[in-house]
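For reference, the chains in residue letters:
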Amino acid sequence: MEEEVARIAKIFQSEELERPVHSAEEVPGSYPAITDRWLTDVICSQAPEAQVIGHRFDVRDDGSSNRRRIFLEYNDAGVSAGLPATVFCKAAETLNNRLVTGLSRAAQIEADFYNLVRDRLDCEAPQGIYAKFDTSNYASLIMLGDLENNVSFCDDRTEVTRAMAEEQILTLANLHSRFYESEELGSKSLPFLTWPKWWARMMAASPDFADCCDAAFGESEDNMAPRLLARRHEIWGVTMESVERHNRLPQTLIHGDVHLKNWYHSDSGAMGLSDWQITSVGHWSRDLIYTITTALTVENRRAWEQDLVKLYLDLMEERGVPREPADQVWLSLRQQLMTALAFWTITLHPAEGMPDMQPLRTTRVFLNRLLTAIDDHESLDAFAASAA
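Since the structure is predicted, the reported quantities are computational estimates derived from the model, not experimental observations.

Undergrad: Whenever I open this one, the overall build of the protein confuses me. Can you help?
TA: In terms of helices and strands, the protein carries 15 helices and 11 strands. The C-alpha radius of gyration of the protein comes to 21 Å, within 12% of the 21 Å expected for a compact globule of 388 residues. Taken along the three principal axes of its C-alpha coordinates, the protein extends 65 × 45 × 40 Å. Each of the 388 residues in the protein was classed as buried or not, and the buried ones make up 56%. At a minimum sequence separation of 6, the contacts of the protein that also span at least 24 residues come to 72%. A total of about 16500 Å² of accessible surface is found on the protein, and carbon and sulfur atoms cover 48% of it.

Shown next, in the form of C-alpha cells:
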C-alpha cells in the first residue's frame, strides 16, 4: 500500500492538472482542464449536431470528493435537443482526494454503479451521464443529472416525517430485493467487493483507523450514557465482529453509507439515495439500521423503528425475498450499528491523509443518535447472544 501511495503521489506532483482534455476517454485532472469540446463529447453523443459552446462552474464543495455544478451553453441544435442546462460533478482534484477515493476503490465503485447498475434499479437515485476512473493516476469524474431544482437534499437538521421514513424504507426494499442472493454478485456485471473485503481494504489504506475511532469515542463522552463509555475497551472488537457477520448472512447489493445527508426528498414524495461510492455486497441489515438511526430523532426512532422494520420485511417479502425470523433480524440490526458508528467516529477524528468530511455539527448529531441507539439496543451484548 505504501508503494502505491508513493506512486500516485509522484504522478500527481508531476502532472499538469489543468492540461485541457478534449475526448470523453480522457479523465480531467481538475475542473479547469474541462473544455467545451470534452463536454460536447460527453453530453452531446445522442444529438450529433449539438455542441457545448460555453460553460462555467459553481463554487466547489469539498469532502471525500470535490463537488461542483457546471452550467452549460449550447448551440441551436443542443438547445433544440433539450440537453441539460446544468450537471453535477464529483472529481478528485487534490492528492488526498485521489488517495481516499482511489485506495478505497470508492471512485471505481461509483463509476461501476452508474455504468452497470443504475439503469437496472427501480428506485429513486440520480441518473448518471458520465462516470470514469483512471487506474493509472486515480483521477476520476462522475457526472450526474443535476437534481438541484427538483429535490430537497437532507442534512442533520432535516425533520424526517413518518411518511418520509416510510419512503426511505421503500427505496431500501427496492434496492435490496433487486439482486438478493443473485449469482451476478461479484461477477463482471456486478463487480463489487463483499462488505468484509471492502472493510479490509479500507483498513489497509488507513493503518491508524482503529486508533482514531477509539480516540473519537473517548471525545464523545457527553454524547453517550456513562454505562456505554465504561465499555469503551469492547467497541473495536465488536465492530470487527459486525463486519465478519456479513460472511454468514444472505447477500445482496447494499449502499453502505446511508446516513441522512446522502438522502434527498423529491417533488414526487419519493426519498432518493445519492453517493454510491461504497456500494458493496453484504447483508441488508447495515443499510436498514443505519438509515433509521441517522434519519430520525432519538424520540421518533424509538417510537417508529419497530413499525419501520416490519414494513421493510413486508416489502421485501412482497418482492420475493424469504422472510428472516424476527429475532434474527433484530440481532443483525443491533450488531450492524457498530460499523455505522465507526463511520462517524472516524469523521470526528480523521485518520492521517483523510480530508475533513463533514461539519462538526452534523458529526455530533449523528454520533448522538448512533450512540443512543447502541445503548438502547444493548448492541455490545448482541455478539455474546450470537455466539451462544
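Undergrad: What should I look at first to understand the packing of aromatic side chains in this one?
TA: Two numbers describe a pair of aromatic rings. These are the distance of the centres and the angle of the planes. For the structure on display, the rule yields 16 aromatic pairs. Here F209 and W236 contribute two aromatic rings whose centre-to-centre distance is 6.0 Å and whose plane-to-plane angle is 50 degrees, an arrangement assigned as tilted. In this pair, F209 is assigned in helix α8 (residues 209-218) and W236 in helix α10 (residues 235-244), connecting sequence segments 27 residues apart. Using a relative accessible area of 23% as the deciding quantity, one classes W236 as partly exposed. Here the aromatic cluster, defined as three or more aromatic residues joined through ring pairs, consists of W195, W198, W199, F209, W236 and F343. Over the aromatic face of F71 sits the side chain of R56, whose NZ or CZ is 4.1 Å from the ring centroid. The ring of F343 carries R286 above its face, with NZ or CZ at 4.7 Å from the centroid.

Undergrad: Honestly, the sheet that holds strand β10 (residues 271-273) in this entry has me stumped. Any pointers?
TA: Strand pairing in a sheet is mediated by backbone hydrogen bonds. Such pairs are either parallel or antiparallel. Read across the open sheet, the 3 strands follow the order β7-β9-β10; overall the sheet is antiparallel. Edge strands, defined here as strands with exactly one partner in the open sheet, are β7 (151-153) and β10. Pairwise comparison of adjacent strand axes, ignoring direction, gives a mean angle of 30 degrees for this sheet. Alignment of strand β9 (residues 263-266) against β10, held across 3 bridges, turns out to be antiparallel. Residue pairing in the sheet places H265 in a bridge with M271 of β10. The strands that helix α6 (residues 162-178) touches are β9 and β10; relative to β10, the one it contacts most, it runs at about 45 degrees.

Undergrad: So what exactly am I meant to see when it comes to helix α13 (residues 326-348) here?
TA: Between its terminal C-alpha atoms α13 stretches 34 Å, which fits the 33 Å expected from 23 residues at 1.5 Å a residue. Across the 23 residues of α13, 18 count as buried, placing the element largely inside the fold.

Undergrad: For this particular structure, what's the right way to read the environment of R248?
TA: Its place among the elements puts R248 in the loop between α10 and β8 (252-254). A sequence separation of 35 residues divides R248 from H283, and the C-alpha atoms of the two residues are 9.1 Å apart. Polar contacts involving the side chain of R248 include one to the side chain of E244, which spans 2.7 Å.

Undergrad: Can you walk me through the pairing of strand β3 (residues 66-74) in this structure?
TA: Working note: regular strand, side chains alternate between the two faces of the sheet. Burial runs high along β3: 7 of the 9 residues are buried. Inspection of the sheet shows strand β2 (residues 61-62) paired to β3 by 2 bridges, in the antiparallel sense. Note on β3: the bridge partner recorded for D62 is N66. Taking the residues between adjacent antiparallel strands as the criterion, β2 and β3 are bridged by 3 residues. Taken together, the 6 bridges between β3 and strand β4 (residues 86-91) define a ladder with antiparallel strand orientation. When the bridges of β4 are listed, R69 appears paired with F88.

Undergrad: How do you make sense of the side chain of S177 when you look at a structure like this?
TA: Tracing the backbone through its elements, the reader meets S177 in helix α6. Polar side-chain contacts of S177 include one of 2.7 Å to the backbone oxygen of A173.

Undergrad: In this structure, what is going on with the layout of surface pockets? I would like to understand it.
TA: Space left empty within the atom packing is revealed by a probe, the size of a water molecule, rolled over the atoms. Of the voids in this model, the second largest pocket is the one considered here, and its volume is about 190 Å³. In terms of lining residues, the second largest pocket is bounded by V42, I43, S45, Q46, P84, T86, Q127, I129, G145 and D146. Looking at side-chain class alone, the lining of the second largest pocket contains 4 nonpolar, 5 polar and 1 charged residues.

Undergrad: I would appreciate a short explanation of the pattern of salt bridges in the present structure.
TA: When the charged atoms of two side chains with opposite charge come close together, those side chains can pair. In this structure the tally under the stated criterion is 29 salt bridges. The closest approach of N and O atoms between R69 and D146, which form a salt bridge, is 2.8 Å. Here R69 is found in strand β3, whereas its partner D146 is found in the loop between β6 (140-145) and β7, with 77 residues between them in sequence. Its relative accessible area of 15% is what places D146 among the buried residues. D376 is the salt-bridge partner of R301, the closest N and O atoms lying 2.6 Å from each other. With R301 in helix α12 (residues 298-318) and D376 in helix α14 (residues 360-376), this pair connects stretches of sequence that are 75 residues apart. The structure contains a network of salt bridges with shared partners spanning R301, R302, E305 and D376.

Undergrad: I keep staring at the nonpolar core and nothing clicks. Help me out?
TA: It is characteristic of soluble globular proteins that their nonpolar side chains tend to be buried jointly. Grouped together as the largest cluster of nonpolar side chains are 85 residues, with contacts concentrated most on W199, F209, L288, Y312, L341 and F343. When sequence neighbours within four positions are dropped, the list of residues in contact with Y312 reads I169, L172, A173, H176, W284 and L288. Counting residues in each nonpolar core, the second largest holds 24 residues, with V27, A50, V52 and L83 among its members.

Undergrad: What exactly am I supposed to notice about the pairing of β9 here?
TA: When β7 meets β9, the two strands line up antiparallel, connected through 3 bridges. Within β9, the residue paired with V151 across the bridge is S266. Taken together, β9 and the strand that follows it, β10, pair antiparallel across an intervening segment of 4 residues, in which G269 is found at a positive phi of about 100 degrees.

About the criteria used
Residues numbered from 1 in each chain as written. Predicted model: local features only at pLDDT ≥ 70, side-chain atom pairs only at ≥ 80, totals over all residues. Heavy atoms only, no water. Helix = DSSP H or I, 4+ residues; strand = E, 2+ residues; numbered from the N terminus. Rg over C-alpha atoms; globule rule 2.2 N^0.38 Å. Buried < 20%, exposed > 50% of the residue type's maximum accessible area, 1.4 Å probe, protein only. Contact = heavy atoms within 4.5 Å. Areas by Shrake-Rupley, 256 points an atom, 1.4 Å probe, with all protein chains shown as cover. Phe/Tyr/Trp six-rings, centres within 6.5 Å; stacked < 30°, edge-to-face > 60°. Lys NZ or Arg CZ within 6 Å of the ring centre and 35° of its normal. Pairing = 2+ DSSP bridges. Axes fitted to C-alpha atoms, helices over the stretch in contact; angles between N-to-C directions. Expected span 1.5 Å × (residues − 1). Polar contact = N/O pair within 3.5 Å; in protein donor to acceptor, adjacent residues only side chain to side chain. 1 Å grid on protein atoms, 1.4 Å probe; cavity = no way out; pocket = protein on both sides within 12 Å on 5 of 7 lines; lining within 4 Å. Points joined across faces, edges and corners; volume = space filled by probe spheres on them. Nonpolar A, V, L, I, M, F, W, Y, C, P; charged D, E, K, R; others polar. Salt bridge = Lys/Arg side-chain N within 4 Å of Asp/Glu carboxyl O. Core = buried A, V, L, I, M, F, W, Y, C linked by side-chain atoms within 4.5 Å.

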